[in-house]
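For reference, the chains in residue letters:
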Amino acid sequence: MALLSFGSAPGARARALQRSRPPDRGTSRPSGLPQGTITTAVAATVAATTAGVVPGRGRGSRPARPMRAGTMRSALEEEVSAAVEVVQRSMRLVQALACDMEVAPASSGKEMEACDVTAGISAIKPGDSTPVTAADFAIQGLVFEALQKQFPADGFMGEEDAAELRADPDLCRLALELCSRFGNSTLTQESFLAAVDAGLDPLQEKENDRIWVLDPIDGTKGFMTGQGYMIGLSLLMDGEAIIGVMGNPNAVTTPPIMLAVKGRGLRWWPAEGTSPLPYEPSKPKWAAQDFRTLPSSAATLQEGRDYPPWLLSPQSMRYACRPFGDAPASDLCCGSMVKYFAVAAGTHCGYVQYEEQLKTWDHACGILCVEESGGAACVTDAAGEPVRFFGRKFSVCGGIVSCSRWCRPEMRELLLQAAAGNAS
């Protein structure tokens, strides 16, 4: 199949697809790790968890939380292997497109202007002015095809709708070729469109309660503007996330992939390779500070000295949500998963999602990763209730509060109080 040109520089853009390993864009990639699946590595992890401990946890081993009989089919090793591998493939795919896509200027909010997109590569979604790229669609097709082959009885939920591809032949052609190249796929155009649309199937029509949930690029605006973005995949059972994977192609200070299994802890993976990494985030400097006295004047505030670094979505609520007095939330673009990743890694004490009507694919995997990283009191809504996912959209009371493992009880209480003020 002939490769589609990416735009105004056909030779350079076609070469981006021909490269099997795109140039590193700031991703931490240990060398000497062969490409492939992680079944062997997972087997070692499963053996440890079966013995009742979680390997690689900085605070020592702890007893594994039990799960219902039958929910850990083969200790989920097959599902974990498949999830990490498709996220690794998806990261290579999105970086190939990023190598030659024109970077749009940064702006506030989620929306972008029509002049910021590139014909045949990106577009503006009708109705909400948020961007979408060929990579979003390609990843959704790639992930569904791979998971459907391996777990044909499972349901699948994805963010994207193939109607936009049907309306834009150039965008469709590029998305299909990216999917074929990085997914080793032989999908026809129609089967590719059907794979993308499989993520729209009503959940109540599924024969079982296992649902794979994908956000192919969370923070597409960040991807298009050279800022942060994530690839997020989770497996739900009975409305609860039991596997969560977040791929961070721009990670520098941590490995690029974190994977959590319910009750079994969190592990880190390289962008390519067959084994998890023996990585443990170090205790952040802010965790040693005493923030019992709230700052009173925004003019002289310094993050990490006068107040702990914290995160908020949406930024338009920065004057309504004030857990630490006048201390502002950190500016971290883009998307919810970038913020969950930061809390799980410990760079920020907590994250308040100050909305009550949310989309499952934006939150399921990130919430599980924070919980399994050792989050101070797990993730709850503002009323202290656990967050569950029973459809494409879900509701919470006041918002969602996530806390780092180093977040002190008094910090968590202030975050919860701030979210509770938003309760309907």
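Given the structure is predicted, the values throughout are model-derived calculations rather than measurements. Chains are numbered independently. Their residues run from 1 in the order of the written sequence. Only residues with pLDDT of at least 70 get local features here, since the model is predicted, and only at 80 or more are side-chain atom pairs given and counted; chain-wide, interface and lining totals rely on the full set of residues. Where side-chain values are given, they derive from all heavy atoms of the structure, hydrogens and water being excluded.

Structural notes on helix α3 (residues 77-98)
Thinking step 1. Only runs of H or I of at least four residues qualify as helices and only runs of E of at least two qualify as strands under DSSP, and these elements are numbered from the N terminus. How far a helix is expected to stretch is found by multiplying one less than its residue total by 1.5 Å. For α3, built from 22 residues, the straight-helix expectation of 32 Å at 1.5 Å per residue is met to within 8% by its first-to-last C-alpha distance of 32 Å.
Thinking step 2. Partly exposed describes any residue whose relative accessible area lies between the buried limit of under 20% and the exposed limit of over 50%, with all areas from a 1.4 Å probe on protein chains only and scaled to the type maximum. Here α3 lies mainly inside the structure; 19 of its 22 residues are buried.

Digging into helix α10 (residues 360-372)
Thinking step 1. Between its terminal C-alpha atoms α10 stretches 18 Å, which fits the 18 Å expected from 13 residues at 1.5 Å a residue.
Thinking step 2. Burial of α10 is extensive: 13 of the 13 residues sit out of reach of the surface.
Thinking step 3. Looking one or two residues beyond α10, the residue adopting positive phi is glycine 374, at roughly 100 degrees.

Let's talk about the state of the cysteines
Thinking step 1. For this text, the term disulfide refers to a pair of cysteine sulfurs within 2.5 Å. Counted by the stated rule, this structure contains 1 disulfide.
Thinking step 2. The disulfide bridge from cysteine 333 ends at cysteine 334, spanning 1.3 Å between sulfur atoms.

Section: the UniProt feature "binding site: Mg(2+)" (unreviewed entry) in the protein
Thinking step 1. Per the UniProt entry, the sites bearing "binding site: Mg(2+)" (unreviewed entry) are Glu159, Asp215, Ile217, Asp218 and Asp362 in this numbering. Across 204 residues, the annotated set stays spatially compact, with a maximum C-alpha separation of 9.7 Å.
Thinking step 2. Following the sequence through the fold, glutamate 159 ends up in the loop between β3 (155-158) and α5 (163-166).
Thinking step 3. Relative to the helices and strands, aspartate 215 resides in strand β4 (residues 210-218).
Thinking step 4. Look at aspartate 215 and you get buried, because its relative accessible area is 1%.
Thinking step 5. Residues within four places of aspartate 215 in sequence aside, it is in contact with Glu159, Met230, Ile231, Gly232, Met337, Trp361 and Asp362. UniProt positions are given in the numbering used here, feature names are shortened, and annotations may be inferred rather than shown by experiment. The criterion used for residue contact is that any of the two residues' heavy atoms lie within 4.5 Å.

Considering the sheet that holds strand β7 (residues 257-261)
Thinking step 1. Strand order in the open sheet formed by 6 strands is β3-β4-β5-β6-β7-β8, with mixed pairing between adjacent strands. Lying at the two open borders of the sheet, with one neighbouring strand each, are β3 and β8 (265-269). Between one strand and the next, the sheet's axes are offset by a mean angle of 15 degrees, whatever the strand orientation.
Thinking step 2. Strands qualify as paired when DSSP identifies two bridges or more between them. Summarising the sheet, strand β6 (residues 240-247) and β7 pair through 5 bridges and their orientation is antiparallel. Think of each axis as a best-fit line through the C-alpha atoms, taken over the contacting stretch in the case of a helix, with angles from 0 to 180 degrees between the N-to-C directions.

Things to note about the packing of helix α9 (residues 336-345) against α10
Thinking step 1. Remark: α9 packs on α10, axes separated minimally by 9 Å, with the N-to-C direction vectors making an angle of 0 degrees. The orientation of α9 relative to α10 falls into the category roughly parallel. For the pair α9 and α10, contact is made by Ser336, Met337, Tyr340, Val343 and Ala344 and by Trp361, Asp362, His363, Cys365, Gly366, Ile367, Cys369 and Val370, respectively.
Thinking step 2. Among the residues making up the contact of α9 with α10, the classes are represented as 9 nonpolar, 3 polar and 1 charged. Angles are sorted into four bins: roughly parallel if under 35 degrees, roughly antiparallel if over 145, roughly perpendicular if 65 to 115, and oblique for all others. When residues are grouped by polarity, Ala, Val, Leu, Ile, Met, Phe, Trp, Tyr, Cys and Pro land in nonpolar, Asp, Glu, Lys and Arg in charged, and all others, Gly among them, in polar.

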